[in-house]
Amino acid sequence: MRPIGYSTGALALSDVERALAMLAGSSATAVELSALRLSELRPLLGLLGSLDLTRYQALSFHAPSRFDAAEERAVADAMAEVAARGFRIILHPDTVHDLGAWRQLGGMLAIENMDKRKRTGRTVEELRPFFDALPDASFCFDIGHAHQVDRTMTEAYFLVEEHRPRLAQLHVSEVNAGSRHDAVSQSAAHAFQRVAAHIPGDAALILEAPATLEEMERQMEIARAALSTSAGAGGAGGAGGAGGAGKRPA
């Protein structure tokens with residue numbers, strides 16, 4: 001069974017210890033520690049050595065989503081130290097100023113596709129320069145972002161097909177028109193099934209929708225069902241994936 005769990009930021013914003021306490025009694029087998037805001041990074045780095053994460057099969061760490069060029073090298077160096085501890089580092093491409101600063105992370109770096117409010121990183125074509133410059137990087141497929149960008153899931157299919165060999169993790173939620181992460185609805189789950197059969201079966205699922213202690217298990221069940229490797233076999237439109245669009249953009 002593929003690893004599944006939560007982003008700590010979805011459960012308790014910057015309170016990582018509280019989020020981990022919520023997960024302690026759950027079925028989660030993966031966790032993403034979130035330092036989405038630059039101000040959260042240093043405190044979380046200070047906690048790392050004291051956190052017991054041995055129960056988790058898959059560990060990731062979300063790098064800050066905004067920093068300036070003068071701060072980038074220090075952030076990248078800190079992320080390299082975190083990666084050395086066994087964490088996959090999730091990076092938003094639109095925040096990068098110097099791609100060379102991130103080359104040191106190799107395959108432990110995972111570039112994430114973006115939502116439609118961002119200036120780049122939303123499509124295969126927009127992501128290409130990042131993967132060309134960082135050929136060893138892996139891919140974090142945010143299926144909620146892809147669904148928001150293109151409700152037909154055609155671009156989602158192209159993203160999965162282009163980056164399947166490097167697809168190591170998924171972010172799972174429903175992303176609304178305001179680019180906020182919500183719980184996965186029935187219609188979103190149905191849309192996700194259109195590409196599910198094309199997603200590697202060992203890619204970890206990380207939920208990003210807010211949830212209470214009582215809601216976590218139900219949301220993980222919905223994500224498991226929507227992203228089952230057999231779920232999309234009948235609805236993916238054959239070789240064309242979503243909507244029968246089989247030709248990948250050049």
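These numbers come from a predicted model, not from an experiment.

Trainee: How would you summarise the overall build of the chain if you had to cite specific residues and measurements?
Mentor: If you tally the helices and strands in the chain, you get 9 helices and 10 strands. Over its C-alpha trace the chain gives a radius of gyration of 17 Å, about what one expects of a compact globule, namely 18 Å for 250 residues. Across the 250 residues that make up the chain, the buried fraction comes to 55%. Contacts spanning at least 24 positions in sequence make up 75% of the contacts within the chain whose residues lie at least 6 apart. When the accessible area of the chain is evaluated, it comes to approximately 10500 Å², of which 50% is carbon and sulfur surface. If you average the places of the 25 positive and of the 31 negative side-chain charges in the chain, the two averages end up 3 Å apart.

Trainee: Please set out the confidence of the model for the chain residue by residue, giving values where relevant.
Mentor: It should be kept in mind that the predicted coordinates are not to be read in detail where pLDDT is low. Within the chain, residue pLDDT values average 92, and 92% of them lie at 70 or more. Contacts of residues 232–241 to residues separated by more than four positions or lying in other chains number 18 contacts, the stretch itself having pLDDT below 50.

Trainee: Now, about the pairing of strand 4 (residues 88–91): what can you tell me, with residues and values included?
Mentor: Judged from the 3 bridges that link them, strand 3 (residues 58–62) and strand 4 form a sheet pairing that is parallel. For Phe-61, the partnering residue across the bridge sits in strand 4 and is Ile-89. For the handedness criterion, the β-α-β arrangement of strand 3, helix 4 (residues 69–83) and strand 4 is classed as right-handed. Bridge analysis of strand 4 against strand 5 (residues 109–112) gives 3 bridges, and the strand direction is parallel. In the sheet register, Ile-89 faces strand 5, and the bridge partner there is Leu-109.

Trainee: Break down the packing of aromatic side chains for me, citing the residues and quoting the values.
Mentor: With the rule as written, the count across this model stands at 5 aromatic pairs. Ring centres of Phe-131 and Phe-139 lie 6.1 Å apart, and the angle between their planes is 80°; on these two criteria the pair is classed as edge-to-face. Since its relative accessible area comes to 0%, Phe-139 is described here as buried. For the pair Tyr-157 and Phe-158, a centre-to-centre distance of 6.0 Å together with 55° between the ring planes defines the contact as tilted. Comparing Tyr-157 with Phe-158 shows no difference in burial state: the two are buried. Following the ring pairs from residue to residue traces out a cluster consisting of Phe-131, Phe-139 and Phe-141.

Trainee: Please give an account of the environment of Asp-115 that cites residues and values.
Mentor: Along the chain, the position of Asp-115 falls in the loop between strand 5 and helix 5 (124–133). Distance from Asp-115 to Ala-63, taken between C-alpha atoms, is 17 Å for residues 52 residues apart in sequence. Among the polar contacts listed, one links the side chain of Asp-115 to the backbone nitrogen of Arg-117, at a separation of 3.0 Å.

Trainee: Can you tell me about the nonpolar core, naming the residues and giving the values?
Mentor: By size, the foremost hydrophobic cluster in this structure holds 76 residues, and its most contacted members are Leu-33, Phe-61, Met-79, Ile-89, Trp-102, Phe-141 and Leu-227. Of the residues forming this core, the biggest block, 7 residues, is contributed by helix 4.

Trainee: Break down the layout of surface pockets for me, with residues and values.
Mentor: Here the idea is plain: a probe the size of a water molecule rolls over the atoms and shows the empty space left. The space that makes up the largest pocket amounts to roughly 860 Å³. Lining of the largest pocket is provided by 33 residues; of these, Leu-36, Arg-37, Arg-117, Arg-180 and His-181 occupy positions nearest its centre. For the lining of the largest pocket, the secondary structure elements donating two or more residues are helix 1 (8–12), strand 2 (30–34), helix 3 (38–47) and strand 9 (181–182). Of the residues assigned to the lining of the largest pocket, the class counts are 7 nonpolar, 13 polar and 13 charged.

Calculation notes
- Residues numbered from 1 in each chain as written.
- Predicted model: local features only at pLDDT ≥ 70, side-chain atom pairs only at ≥ 80, totals over all residues.
- Heavy atoms only, no water.
- Helix = DSSP H or I, 4+ residues; strand = E, 2+ residues; numbered from the N terminus.
- Rg over C-alpha atoms; globule rule 2.2 N^0.38 Å.
- Buried < 20%, exposed > 50% of the residue type's maximum accessible area, 1.4 Å probe, protein only.
- Contact = heavy atoms within 4.5 Å.
- Areas by Shrake-Rupley, 256 points an atom, 1.4 Å probe, with all protein chains shown as cover.
- Lys, Arg positive; Asp, Glu negative; His and termini not counted.
- Charge placed at Lys NZ, Arg CZ, Asp CG, Glu CD.
- pLDDT = per-residue confidence, 0-100.
- Pairing = 2+ DSSP bridges.
- Right-handed = clockwise from strand over helix to strand, strands pointing away.
- Phe/Tyr/Trp six-rings, centres within 6.5 Å; stacked < 30°, edge-to-face > 60°.
- Polar contact = N/O pair within 3.5 Å; in protein donor to acceptor, adjacent residues only side chain to side chain.
- Core = buried A, V, L, I, M, F, W, Y, C linked by side-chain atoms within 4.5 Å.
- 1 Å grid on protein atoms, 1.4 Å probe; cavity = no way out; pocket = protein on both sides within 12 Å on 5 of 7 lines; lining within 4 Å.
- Points joined across faces, edges and corners; volume = space filled by probe spheres on them.
- Nonpolar A, V, L, I, M, F, W, Y, C, P; charged D, E, K, R; others polar.

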